[in-house]
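# An overview of the molecular structure
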Amino acid sequence: SVLLVKKALAEVPKNGSMAVPVRDVLEDPLSRERALMKTLEQKEQELNDRESRLSAEEQRTQALKQEIVAKIETLKALEERLGASLEEEKTSENKRYKDLAKVYDAAPPDKVGSMLEKMDTKTAAGITMNMKRDKAGAVLGYLSPQKAIEITREITRVSGKTPSEIGRAHV
């Protein structure tokens with residue numbers, strides 16, 4: 001122990017003062033850790049804010065999706081109703097053309113030809129399609145070539161068949 005004291009005295013500077021490390025009282029030994037903690041807290045807040053925005057956006061997207069699905073269902077229902085209504089109208093129109101065709105079948109072909117010549121192409125085609133084949137052929141002979149072509153085009157457009165297929169259908 002005496003040796004330790006001698007050693008300690010030997011280390012004392014010659015001027016008699018001991019060198020004691022000076023510590024800055026304002027220096028915070030945990031300042032780096034505190035700065036890091038503050039940065040982490042800011043990042044956490046940014047992530048929380050971002051998560052809140054994403055959650056709100058997800059809810060809005062889900063609401064829009066439900067709205068779109070509801071509108072699609074409404075449109076499908078409307079489409080079905082329109083389809084049924086259109087089919088009814090088409091059936092009714094076909095019945096009118098059939099009834100008119102019976103009347104025109106009873107008239108002389110030259111008179112029917114002059115009447116069809118003055119009609120719109122759609123109506124003339126509807127009547128001609130529903131006439132007896134022989135009578136329709138005779139009537140077409142009394143039409144101008146241009147009107148006969150227009151009626152034939154309308155018949156093929158409506159039926160989706162070639163003229164020869166239409167002729168076989170009237171047999």
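Here, the structure is the one placed above.
Residues numbered from 1 in each chain as written. Predicted model: local features only at pLDDT ≥ 70, side-chain atom pairs only at ≥ 80, totals over all residues. Heavy atoms only, no water.

What the protein chain contains, in helices and strands, is seven helices and zero strands. In the protein chain, the succession of α and β elements from N to C terminus is α-α-α-α-α-α-α. For the protein chain, with 171 residues in total, the buried portion stands at 15%. Put simply, 69% of the contacts in the protein chain that link residues at least 6 apart link residues at least 24 apart. (Helix = DSSP H or I, 4+ residues; strand = E, 2+ residues; numbered from the N terminus. Buried < 20%, exposed > 50% of the residue type's maximum accessible area, 1.4 Å probe, protein only. Contact = heavy atoms within 4.5 Å.)

At a closest axis distance of 8 Å, the pairing of helix 4 (residues 121-130) and helix 6 (residues 145-159) adopts a crossing angle of 70°. In terms of axis orientation, helix 4 runs roughly perpendicular to helix 6. Contact residues: helix 4 offers Thr 121, Lys 122, Ala 124, Ala 125, Thr 128 and Met 129, while helix 6 offers Lys 147, Glu 150, Ile 151, Glu 154, Ile 155 and Val 158. A class-by-class count of the residues in the contact of helix 4 with helix 6 yields six nonpolar, two polar and four charged. (Axes fitted to C-alpha atoms, helices over the stretch in contact; angles between N-to-C directions. Parallel < 35°, antiparallel > 145°, perpendicular 65-115°, else oblique. Nonpolar A, V, L, I, M, F, W, Y, C, P; charged D, E, K, R; others polar.)

Attention shifts here to the packing of helix 3 (residues 109-118) against helix 5 (residues 133-140). Interhelical geometry of helix 3 versus helix 5 gives an angle of 65° and a closest axis separation of 8 Å. In this view, helix 3 runs roughly perpendicular relative to helix 5, as classed from their interaxial angle. Seen from above, helix 3 lies across helix 5 with right-handed handedness. On helix 5, the residues touching Pro 109, Val 112, Gly 113 and Leu 116 of helix 3 are Lys 135, Ala 138 and Val 139. Along the lines of polarity and charge, the residues of the contact of helix 3 with helix 5 split into five nonpolar, one polar and one charged. (Left-handed = near helix turned anticlockwise from the far one by under 90°.)

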